[in-house]
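# Summary of the model geometry
Take a look at the letters that make up each chain.
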Amino acid sequence: MVCCAPHIISVDYYHSKAKLSLRQSTMASLRFFYTVEMSLPCLLCPCPSSPISLSSPSPRYHLLNTTFKRLGSSRTLRITCSSSSTFTGGQTQQSSFNDAEMKLIDALIGIQGRGKSASPKQLNDVESAVKVLEGLKGIPNPAESELIEGRWQLMFTTRPGTASPIQRTFTGVDVFTVFQDVYLKTTNDPRVSNIVKFSDFIGELKVEAVASIKDPKRVLFRFDRAAFALKFLPFKVPYPVPFRLLGDEAKGWLDTTYLSPSGNLRISRGNKGTTFVLQKETVPRQKLLATISQDKGVAEAIDEFLASNANTAEDDYELLEGNWQMIWSSQMYTDSWLENAANGLMGRQIIEKDERIKFEVNIIPAFRFSMKGKFLKSGGSTYELKMDDAAIIGGPFGYPIELTNNIKLQVLYTDEKMRISRGFDNIIFVHIREM
């Protein structure tokens, strides 16, 4: 096995040389909570509402914020560990999306908050893919097609300055699922409804609108009722919004600019200038990432995904170059953030040329943990990692840590956007490639 020599960093601080080493007991992981501002989920209109604050534990795929308690001054930390893994799978699942549609779907991978946290490059990729599909036209007269009928899941939405505060706040919360029901010709009461599903155990909020077809692409709507359907209550709780008093504010229109021939993908533009991307059928990768966002049943979802995306011996998975951000692992974090970082349980993995790999974790502002090493393919999709160059980096200064770690890593699935692997202590990891 090829390994890299330890990298020693000199530190000159206030004109005096200093060596710092850290003990595990000097660091502590910080649990944190997030607050979700929940309000009326009008995807199409700026109806007023009263926010409701909910606090819940952060899902474990979020990176842990960490903080220094105090710095040790005399001990050197030494950690050595190893692990192994195996995998078997089944048949590959076919997609009902064409190449142009898959380009849009791929552009959505890794975007958090249905577009809220998208980078300029991600937004540009989505916009380009949307324009290509709109140029292809798709199903003619989409508003009159039976393919538009049914439940659609909101995957992405833009947020121009004219978008309502409700839309900007609510659709960016990944832990809730947002749907739109469209029933225009298959019912005597044509309606378009927006649904926010909190969870299987809590229930949902449904906002309904009377709808009508104006032309082959445009649907007119007027919101007229809304209610919570909560699992722990035997009755629905009306949402206190006086739709009748809102007048034109409760009205709007929605153009369908692309409807896929399969009826599984739709692009729509609203009267406030907002673009929506919705799907009836989500590809397996999207289903898995959505499950990870909700942090429920993830292990089962990974098993299902791997079973339907099995690899063959003739097509071994490679460790693709790039920055790979960890979004989920099958093990909860331990009390020692340093052990977590050394085992790849936190932060990102950076795969470089010449079989080089680095673990990197942001600790606190201006400080990060870095651990470098080499990887060698040992057979199939399995790699031997030897990590032996660790340091705490603070600005231009580095504080070396005597730390080694030998890990057997097996790539169970990878594509240009997502990687599933089995590493230290047979822990399953899901990484997203940063673009």
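None of these values were measured; they are calculated from a predicted model.

On the secondary structure map, Glu134 appears in helix α2 (residues 120–136). In this structure the side chain of Glu134 is engaged in a polar contact, spanning 2.9 Å, whose partner is the side chain of Arg269. Setting aside residues no more than four positions away along its own chain, Glu134 makes contact with Thr257, Ile267 and Arg269.

Relative to the assigned elements, Ala143 resides in the loop between α2 and β7 (150–157). Remark: the alpha-carbon pair of Ala143 and Lys214, spanning 71 residues in sequence, is separated by 8.7 Å.

With that settled, consider the nonpolar core. With 50 residues, the main nonpolar core has Ile302, Phe369, Leu385, Met418 and Ile420 as its most contacted residues. Counting residues in hydrophobic clusters, the runner-up holds 31 residues, among them Trp152, Ala226, Leu230 and Leu259.

So, about helix α5 (residues 284–294). Turning to α5, its buried residues are Arg285, Gln286, Leu288, Leu289, Thr291, Ile292 and Ser293. Directly beyond the C-terminal end of α5, a positive phi value near 60° is found at Asp295.

What characterises a pair of aromatic rings is the spacing of the ring centres plus the angle enclosed by the ring planes. Applying the stated criterion across every chain yields a total of seven aromatic pairs. Both rings, one in Phe221 and one in Phe223, keep their centres 5.4 Å apart while their planes meet at 70°; by these two values the pair is edge-to-face. Seen from their ring centres, Phe375 and Tyr383 are 5.9 Å apart, and the 75° between their planes marks the pair as edge-to-face. Given a relative accessible area of 8%, Phe375 falls into the buried group. Over the aromatic face of Trp324 sits the side chain of Arg419, whose NZ or CZ is 5.1 Å from the ring centroid.

Turning next to helix α6 (residues 298–308). The α-helix winds at 3.6 residues per turn, so residues separated by three or four positions along the chain end up facing the same way. Turning to α6, its buried residues number three or more, namely Val298, Ala301, Ile302, Phe305, Leu306 and Ser308. Viewed along the axis of α6, the buried residues span an arc of 165°, placing them on a single side of the element. Away from its buried face by more than 90 degrees, α6 exposes Glu300, Asp303 and Glu304. Packing partners of the buried residues in α6 comprise α5, β16 (322–329), β22 (405–414), β23 (418–422) and β24 (428–433).

Reading the values: rules and limits
Residues numbered from 1 in each chain as written. Predicted model: local features only at pLDDT ≥ 70, side-chain atom pairs only at ≥ 80, totals over all residues. Heavy atoms only, no water. Helix = DSSP H or I, 4+ residues; strand = E, 2+ residues; numbered from the N terminus. Polar contact = N/O pair within 3.5 Å; in protein donor to acceptor, adjacent residues only side chain to side chain. Contact = heavy atoms within 4.5 Å. Core = buried A, V, L, I, M, F, W, Y, C linked by side-chain atoms within 4.5 Å. Buried < 20%, exposed > 50% of the residue type's maximum accessible area, 1.4 Å probe, protein only. Phe/Tyr/Trp six-rings, centres within 6.5 Å; stacked < 30°, edge-to-face > 60°. Lys NZ or Arg CZ within 6 Å of the ring centre and 35° of its normal. Arc of directions from axis to C-beta.

Nothing here speaks to function; it is all geometry.
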